[in-house]
Amino acid sequence: MTYKIAVIPGDGIGREVTEQAVNVLKAVGEKFGHIFELKEVDAGGCAIDKYGEPLPAKTLEVCKNSDSVLLGAVGGPKWDTLPGSQRPEQALLGLRKGLGLFANLRPAVLHSALKDASPLKPEIIGEGLDVMVVRELTGGIYFGERGRDNDSAFDTEKYSVGEIERIARVAFEIAMKRNKKLVSVDKANILESSRLWREVVTGLAQEYPEVEVSHMYVDNAAMQLVKNPRQFDVIVTSNMFGDILSDEASMITGSIGMLPSASLGTGKLGMYEPVHGSAPDIAGQDKANPIATIVSVAMMLRYSFNLGKEADAIERAVGNVLDKGYRTGDIMSKGMNLVGTREMGELIISEL
Ligand code: NAD
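In what follows, the accompanying structure is described. As the structure is a prediction and not an experimental result, all values here were calculated from the model.

1. Section: the overall build of the chain
From N to C terminus, the chain includes 12 helices and 14 strands. Over its C-alpha atoms the chain spans a radius of gyration of 20 Å, differing by no more than 12% from the 20 Å that the globule rule assigns to 352 residues. Judged by the C-alpha coordinates and their principal axes, the chain covers about 50 × 50 × 45 Å. Buried residues in the chain amount to 53% of all 352 residues. Partitioning the intrachain contacts of the chain with sequence separation of at least 6 by distance along the chain shows that 75% fall at a separation of at least 24. Carbon and sulfur atoms provide 50% of the accessible area of the chain, an area that totals close to 15,900 Å². In the chain, 39 side chains carry a positive charge and 48 a negative one; their mean positions are 2 Å apart.

2. A closer look at the pairing of strand β6 (residues 146-149)
Relative to strand β7 (residues 152-155), β6 runs antiparallel, the two sharing four bridges. Of the residues in β7, the one forming a bridge with Gly147 is Phe154.

3. Description of helix α8 (residues 218-227)
Buried residues of α8: Val218, Ala221, Gln224 and Leu225, and no others. Viewed along the axis of α8, the buried residues span an arc of 110°, placing them on a single side of the element. Opposite its buried face, α8 presents the exposed residues Met223 and Lys227, each directed more than 90 degrees away. Of the surrounding elements, those touching the buried residues of α8 are β8 (181-186), β9 (212-217), β10 (234-237) and α9 (239-253).

4. Quick look at the side chain of Thr341
Residue position: Thr341 is located in helix α12 (residues 341-351). Using a relative accessible area of 2% as the deciding quantity, one classes Thr341 as buried. Within the structure, Thr341 has its side chain in polar contact with the backbone oxygen of Ala288 (distance 2.7 Å). Setting aside anything within four residues of it in sequence, one finds Thr341 in contact with Glu16, Gln20, Asp286, Lys287, Ala288 and Pro290.

5. Details of the site of the ligand
If you check the shell around the ligand, you find 20 residues, and the closest are Glu89, Gly277, Ala279, Asp281 and Asn289. Between the ligand and the protein, one listed contact pairs an oxygen atom with a backbone N or O atom of Val74 at 2.9 Å. Measuring from an oxygen atom of the ligand, one finds a side-chain N or O atom of Asp281 at 2.9 Å. Burial of the ligand by the protein amounts to 69% of the accessible area it has alone, namely 800 Å². Partitioning the shell around the ligand into residue classes produces nine nonpolar, seven polar and four charged.

Cut-offs applied
Residues numbered from 1 in each chain as written. Predicted model: local features only at pLDDT ≥ 70, side-chain atom pairs only at ≥ 80, totals over all residues. Heavy atoms only, no water. Helix = DSSP H or I, 4+ residues; strand = E, 2+ residues; numbered from the N terminus. Rg over C-alpha atoms; globule rule 2.2 N^0.38 Å. Buried < 20%, exposed > 50% of the residue type's maximum accessible area, 1.4 Å probe, protein only. Contact = heavy atoms within 4.5 Å. Areas by Shrake-Rupley, 256 points an atom, 1.4 Å probe, with all protein chains shown as cover. Lys, Arg positive; Asp, Glu negative; His and termini not counted. Charge placed at Lys NZ, Arg CZ, Asp CG, Glu CD. Pairing = 2+ DSSP bridges. Arc of directions from axis to C-beta. Polar contact = N/O pair within 3.5 Å; in protein donor to acceptor, adjacent residues only side chain to side chain. Near = heavy atom within 4 Å. Nonpolar A, V, L, I, M, F, W, Y, C, P; charged D, E, K, R; others polar.

Right, dumping it as structure tokens:
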């Protein structure tokens, strides 16, 4: 089967890590007999330099006509003085909006080989962690009515049944592909919008009898994530709560160069990217960890193309390379083998 993928390397280390992820994708294609048709397009600072805007119409059009989008990272000091609306990061907002991506998936995975990187005690981490935070991305208080009124200011949290149902459905489907445990996080003891959230999630649960669903208040969820993170499999929550909890969950893993993310819409098309930025401090030095982008490709295979076996193979290859003691600088520890971006990519491919 042929899959069309738009590739946006972007700026800084975005270009280096994307190159390795694309090599992994090609290797998966050869091994499993799939054709990945890749089209490279510009967005971010490099697009500002070439075309005067962070998200050229052609880039968005290519993405819309693809089965999925792989993005490195955008931004850098060169464009920091531009006004907000013209900055490279606008490309991300434009892509999310233009592609109708309303669900943000942020897995926080801590490999057992990297246990020491976590700021939590070893007995809390156990043999590693694997939590998936599913965040609503286009509604709630970040998009609600806001304003100033004499000496006060307000922001509005508003969710419709349709908005809650579609994000909850994404989370149930993901739970079905994982350990079938879903925690819906809200503040239903106080907020009316959270009470509706809880009603809708409870209603939808009837369609997924195999998934064990529970509800948790957001303040408790923030505590539980550091007290006993292994109790979680999939977490689903609103835009603002998800913004905060997904960062908290990822910090538990202690390694930003390892974390992938996915943004999904109603169809199969998704945008896959590492959580980290363009890291200008190490750009162009073959120092960046490409694993976050490589496992973003695994997410693409699993969630957009339903190629679970291929996704597992990538994740297993990454795990094996780590078990053998190879590390990029950001995850380096005593006695391990330091490798660069390119070598890490090559090691993962040979493991595949
Ligand atoms: P950053 O994630 O780029 O870097 C933070 C720190 O983590 C740096 O010390 C960097 O060297 C390190 N780091 C990040 N990724 C790494 C990797 N793969 N391997 C090894 N080390 C890694 O965040 P920042 O410094 O706040 O932002 C730099 C630029 O990136 C800014 O212009 C910012 O706006 C942009 N940014 C873009 C995105 C995106 O494209 N999605 C996300 C965040 C930041």
